[in-house]
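Chain by chain, the residues:
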Amino acid sequence: MSTPRSDGPLVLGIETSCDETGVGVVRGNTLLADAVASSVEEHARFGGVVPEVASRAHLEAMVPTIERACETADVQLHDVDAIAVTSGPGLAGALLVGVAAAKALALGLGKPLYGVNHLASHVAVDQLEHGPLPEPCLALLVSGGHSSLLRVEDVTGDVDPLGATIDDAAGEAFDKVARLLGLPFPGGPHIDRAARDGDSVYVDFPRGLTSRRDLERHRFDFSFSGLKTAVARWVEARERSGEPVPLHDVAASFQEAVCDVLTRKAIDAAASQGIDDLLIGGGVAANSRLRSMAEERATARGIRVRVPRPGLCTDNGAMVAALGAEMVTRGRAPSALDLPADSSQPVTSVLA
Ligand code: KG4
Ligand code: ZN
């Protein structure tokens, strides 16, 4: 943990891009509150997030979550220096709830409003735990909706995508494979747990976009849909032959394939850019195997790894507040009050 600082702007951040209503309060790089209300249980029986259900849940959770965050941080709303909100990317209806709430607060309190990028927030959140980001740093961003490698020169405005998934996101692959193994949604944490007692070399699942030919065109891109299909075929073949499916071994072998590709490409990207600091963010960064493998492989190449604690990897409001505080500190001009929610906001557009 960095030494708590009592200076820096006091920022309230709101996150509603998917199924977590997150409200965080930070002062500079110091985390004061991180209140999260999740609607995940309402989506579980559908095996994925239902946008309309998520939007309604955000609406219901918004005011109580703001109150809880302020109470924990022991601040009054009128004390904050700025309001930050995820303006995109994410589910349009879900984003709108957060953006509308943030606009109302900014207008009512007479405070500046910062509409920030969800993906850049997943990077900025690490400042709350490990202090100012090294510049530049190489970020591996792995979540339910995104998997990308970014060169981050300045998290408030200079983010350069080097590669991304060409099909499924890493978290999506975890969720889909979990489903076919009969594990609940979201599947990432369940696979992580099941894999702990499994044999990671039990099945040699394919590593997407790692052949010499693929590397020529897709050196820093990912593909997980072939892996997901390979797991499905393997499980089907087992079931057809009447043999039991070794859940723990399949989970461990699948997880190994994902982590192998993610860490290999991330380290290759860092090395090719001459960058010594790798930051991993997004929900999948909570994965225990990804964390240990990245640490081991990066250290062997002289690259330092930073990963926020698991609770800060999955969606939360503190990450939005952290990026908002950095915007204020760097003197960025706030967003306009007619700021739109942009479901496909590109990672290059950090401040809307
Ligand atoms: O960043 P996040 O909370 O939401 C998005 O922006 O998508 O990421 C959610 C994703 C889900 O796919 C979930 O299964 C995955 O992160 N996840 C994990 C773990 N914890 C969450 N995947 C693998 N291992 C975990 N421990
Ligand atoms: Zn996310």
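Above this note sits the structure.
Not measured: the values here are computed from a predicted model.

What counts and how
Residues numbered from 1 in each chain as written. Chains lettered and ligands numbered in written order. Predicted model: local features only at pLDDT ≥ 70, side-chain atom pairs only at ≥ 80, totals over all residues. Heavy atoms only, no water. Helix = DSSP H or I, 4+ residues; strand = E, 2+ residues; numbered from the N terminus. Rg over C-alpha atoms; globule rule 2.2 N^0.38 Å. Buried < 20%, exposed > 50% of the residue type's maximum accessible area, 1.4 Å probe, protein only. Areas by Shrake-Rupley, 256 points an atom, 1.4 Å probe, with all protein chains shown as cover. Lys, Arg positive; Asp, Glu negative; His and termini not counted. Charge placed at Lys NZ, Arg CZ, Asp CG, Glu CD. Near = heavy atom within 4 Å. Polar contact = N/O pair within 3.5 Å; in protein donor to acceptor, adjacent residues only side chain to side chain. 1 Å grid on protein atoms, 1.4 Å probe; cavity = no way out; pocket = protein on both sides within 12 Å on 5 of 7 lines; lining within 4 Å. Sits in = over half its atoms within 2 Å of the grid points. Nonpolar A, V, L, I, M, F, W, Y, C, P; charged D, E, K, R; others polar. Donors = N, O, S within 2.8 Å, 3.2 Å for Na, K, Ca; no water. Pairing = 2+ DSSP bridges. Axes fitted to C-alpha atoms, helices over the stretch in contact; angles between N-to-C directions. Contact = heavy atoms within 4.5 Å. Bend = angle between axes of the 7 residues up to and from the residue. Phe/Tyr/Trp six-rings, centres within 6.5 Å; stacked < 30°, edge-to-face > 60°.

**Thoughts on the overall build of the protein**
Phase 1: Each helix and strand in the protein was counted, giving 13 helices and 10 strands.
Phase 2: Here the protein has a C-alpha radius of gyration of 20 Å; the compact-globule value for 352 residues is 20 Å, and the two agree.
Phase 3: For the C-alpha atoms alone, the extent of the protein along its principal axes is close to 65 × 45 × 35 Å.
Phase 4: Going through the 352 residues of the protein one by one, you find that 53% of them count as buried.
Phase 5: Surface accessibility of the protein: about 14500 Å² in total, with carbon and sulfur atoms responsible for 50%.
Phase 6: Across the protein, the mean location of the 32 positive side-chain charges is 4 Å away from that of the 47 negative side-chain charges.

**Focus: the site of ligand 1**
Phase 1: In the vicinity of ligand 1, 19 residues are found, and the nearest of them are G144, D175, D192, G283 and D315.
Phase 2: Within the side chain of H118, a nitrogen or oxygen atom sits 3.3 Å from an oxygen atom of ligand 1.
Phase 3: One of the backbone N or O atoms of G144 is found 2.8 Å from an oxygen atom in ligand 1.
Phase 4: Protein coverage of the free-state accessible area of ligand 1, which is 550 Å², stands at 90%.
Phase 5: In this structure the site holding ligand 1 corresponds to the largest pocket.
Phase 6: Taken together, the elements giving at least two residues each to the shell around ligand 1 come down to α4 (118-124), α6 (170-180) and α7 (188-195).
Phase 7: Here the residues of the shell around ligand 1 sort into five nonpolar, 11 polar and three charged.

**Concerning the coordination of the zinc ion (ligand 2)**
Phase 1: Protein-derived ligands of the zinc ion (ligand 2) are H118 (NE2), H122 (NE2) and D315 (OD), with the metal-ligand distances lying across 2.1 to 2.2 Å.
Phase 2: Summarised as a motif, the one-chain spacing of the donors to the zinc ion (ligand 2) is H-x3-H-x192-D. One end of the pair, H122, is in helix α4; the other, D315, is in the loop between α12 (310-313) and α13 (318-329), and 193 residues separate them in sequence. With respect to class, H122 is no different from D315; both count as buried.

**A look at the sheet that holds strand β4 (residues 82-88)**
Phase 1: Strands sit in the order β3-β2-β1-β4-β5 across an open sheet of five strands; the sheet is mixed. Looking at strand neighbours, the two that pair on one side only are β3 (30-38) and β5 (113-117), the edges of this open sheet. Geometrically, the sheet is characterised by an average inter-axis angle of 20° between neighbouring strands, direction not taken into account.
Phase 2: Sheet contacts for helix α2 (residues 51-73): β1 (10-15), β2 (20-27) and β3; angle to β3, the most-contacted strand, approximately 155°.
Phase 3: In this fold helix α3 (residues 92-109) packs onto β1, β4 and β5, with an angle of close to 160° to the strand it touches most, β4.

**Observations concerning the sheet that holds strand β7 (residues 147-154)**
Phase 1: With mixed pairing, the five strands of this open sheet are ordered in space as β8-β7-β6-β9-β10. Only two strands of the sheet have a single neighbouring strand rather than two, namely β8 (158-164) and β10 (304-306). Averaged over all adjacent pairs, the angle separating strand axes in this sheet is 25°, with direction ignored.
Phase 2: Strand direction decides the pairing type here: strand β9 (residues 277-281) and β10, joined by three bridges, are parallel. Residue L278 lies in a different strand from β10, and its bridge partner there is V305.
Phase 3: Along the sheet, helix α10 (residues 247-273) makes contact with β6 (137-142), β7, β8 and β9, crossing β6 at roughly 160°.

**Re α2**
Residues lying three or four places apart along an α-helix face the same way, a consequence of the helix completing one turn every 3.6 residues.
Phase 1: Roughly 45° is the biggest bend found in α2, and it falls at A61, with proline P64 one to four residues downstream.
Phase 2: Three or more residues of α2 are buried, namely A54, S55, A57, H58, A61, M62, T65, I66, A69, C70 and A73.
Phase 3: Structurally, α2 contributes buried residues whose contacts are with β1, β2, β3, α1 (40-44) and α3.
Phase 4: Just beyond α2, the residue with positive phi is D74, at close to 60°.

**Topic: the packing of aromatic side chains**
Phase 1: A full pass over the atoms with the stated rule returns three aromatic pairs.
Phase 2: Centre to centre, the rings of Y202 and W234 are 6.2 Å apart; their planes meet at 75°, and the pair counts as edge-to-face. Here W234 lies in helix α9 (residues 225-240) and Y202 lies in the loop between α7 and α8 (212-218), a separation of 32 residues in the sequence.
Phase 3: The class of Y202 is partly exposed, set by a relative accessible area of 37%.
Phase 4: Geometrically, the ring pair formed by F222 and F224 is stacked, given 6.0 Å between the ring centres and 15° between the ring planes.

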